[in-house]
Amino acid sequence: EDQVTQSPEALRLQEGESSSLNCSYTVSGLRGLFWYRQDPGKGPEFLFTLYSAGEEKEKERLKATLTKKESFLHITAPKPEDSATYLCAVSSYGANSKLTFGKGITLSVRP
Amino acid sequence: EAGVTQFPSHSVIEKGQTVTLRCDPISGHDNLYWYRRVMGKEIKFLLHFVKESKQDESGMPNNRFLAERTGGTYSTLKVQPAELEDSGVYFCASSQDRGYEQYFGPGTRLTVT
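Residues numbered from 1 in each chain as written. Chains lettered and ligands numbered in written order. Predicted model: local features only at pLDDT ≥ 70, side-chain atom pairs only at ≥ 80, totals over all residues. Heavy atoms only, no water.

Caption draft 1: Up close: the sheet that holds strand E3 (residues 19-24) of chain B. Residues and elements named next belong to chain B. Judged by pairing direction, the sheet is antiparallel, and its four strands sit side by side in the order E1-E3-E8-E7 without closing on themselves. The sheet is open, and its two borders are formed by strand E1 (5-7) and strand E7 (65-68), each paired with just one other strand. Shown here is a sheet whose adjacent strand axes are inclined to one another by a mean of 15°, direction ignored. Sheet topology note: the E1/E3 ladder contains three bridges and is antiparallel. Bridged to Phe7 within E3 is Arg22. (Pairing = 2+ DSSP bridges. Helix = DSSP H or I, 4+ residues; strand = E, 2+ residues; numbered from the N terminus. Axes fitted to C-alpha atoms, helices over the stretch in contact; angles between N-to-C directions.)

Structure representation (structure tokens):
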């Protein structure tokens, strides 16, 4: 059974203070690893897909990386508008195309 | 391009009543998924349609839940009769191809009292 663990559960940063969010996963065969952003009262918003170890993707202040066991979402010089819950999910070849989610990391960025 | 839409945004019903949730996927997306988040837990998969066919319904909790996707367009998820533990946020997502990114709707918050 696929498993996803995210840490820490919550993170408070000062504006401009860079940090990383961790996503550890266990799958039978990774089809893809997905990062989503979720704001209160809204649905998850797609950010990145990573398919193989060593792959990296960037979008504005966010950079996602992938190894065979974990993924990191690096946030460089965050702004208050980056405050949200960040979700990690995996899709494996053994589980059709459903996503298995972690519990998410709630990020708060203070001005 | 319009995103995934869901209706209603919030539903409050009493135990034993019936509720039907609706999802309209992104136009042209053959794959449609239902997920649920119960308070304090992670988002969990319920089922997957490819066009009008159920591809995977391994996450459906029991036979009180019935999902349909007539004509391969919008989908409905009916809960009958509702129980207290059915409370949560129900998300719908769609994707163009299997294994690719899924785009989520805003969710329907279901409260069973």
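Read on for the rest.
Caption draft 2: Main features of the pattern of salt bridges. Taken as a whole and judged by the stated rule, the model has eight salt bridges over all chains. Its salt-bridge partner being Glu56 of chain A, residue Lys63 of chain A comes within 3.3 Å of it at the nearest N-O pair. Given the relative accessible area of 28%, Lys63 of chain A is considered partly exposed. Judged by relative accessible area, which is 47%, Glu56 of chain A ranks as partly exposed. Lys54 of chain B serves as the salt-bridge partner of Glu57 of chain B, at 4.0 Å between the closest nitrogen and oxygen. Classification of Lys54 of chain B as partly exposed rests on a relative accessible area of 35%. (Salt bridge = Lys/Arg side-chain N within 4 Å of Asp/Glu carboxyl O. Buried < 20%, exposed > 50% of the residue type's maximum accessible area, 1.4 Å probe, protein only.)

Caption draft 3: Broad picture of the sheet that holds strand E1 (residues 3-7) of chain A. Residues and elements named next belong to chain A. With antiparallel pairing, the five strands of this open sheet are ordered in space as E1-E3-E8-E7-E6. Looking at strand neighbours, the two that pair on one side only are E1 and strand E6 (56-59), the edges of this open sheet. On average, adjacent strands in this sheet sit at an angle of 15° to one another, irrespective of strand direction. The sheet contact formed by strand E7 (residues 62-66) and strand E8 (residues 70-75) spans five bridges and is antiparallel. The residue bridging Thr65 from the neighbouring strand is Phe72, located in E8.

Caption draft 4: Examining the interface of chain A and chain B more closely. The partner chain B presents 21 residues to the 20 residues of chain A that form the contact. Taken together, the two surfaces of chain A and chain B that pack against each other cover about 1,700 Å², and 54% of this comes from carbon and sulfur. Inspection of the chain A/chain B interface yields zero salt bridges. Connecting chain A to chain B are five residue pairs in polar contact (both at pLDDT 80 or more). Going through the elements one at a time, strand E4 (30-38) and strand E5 (45-50) of chain A are the ones with two or more residues in the side of chain A that touches chain B. Residues that form the side of chain A that touches chain B fall into these classes: nine nonpolar, seven polar and four charged. (Contact = heavy atoms within 4.5 Å. Buried area = accessible area lost by both parts, 1.4 Å probe. Polar contact = N/O pair within 3.5 Å; in protein donor to acceptor, adjacent residues only side chain to side chain. Nonpolar A, V, L, I, M, F, W, Y, C, P; charged D, E, K, R; others polar.)

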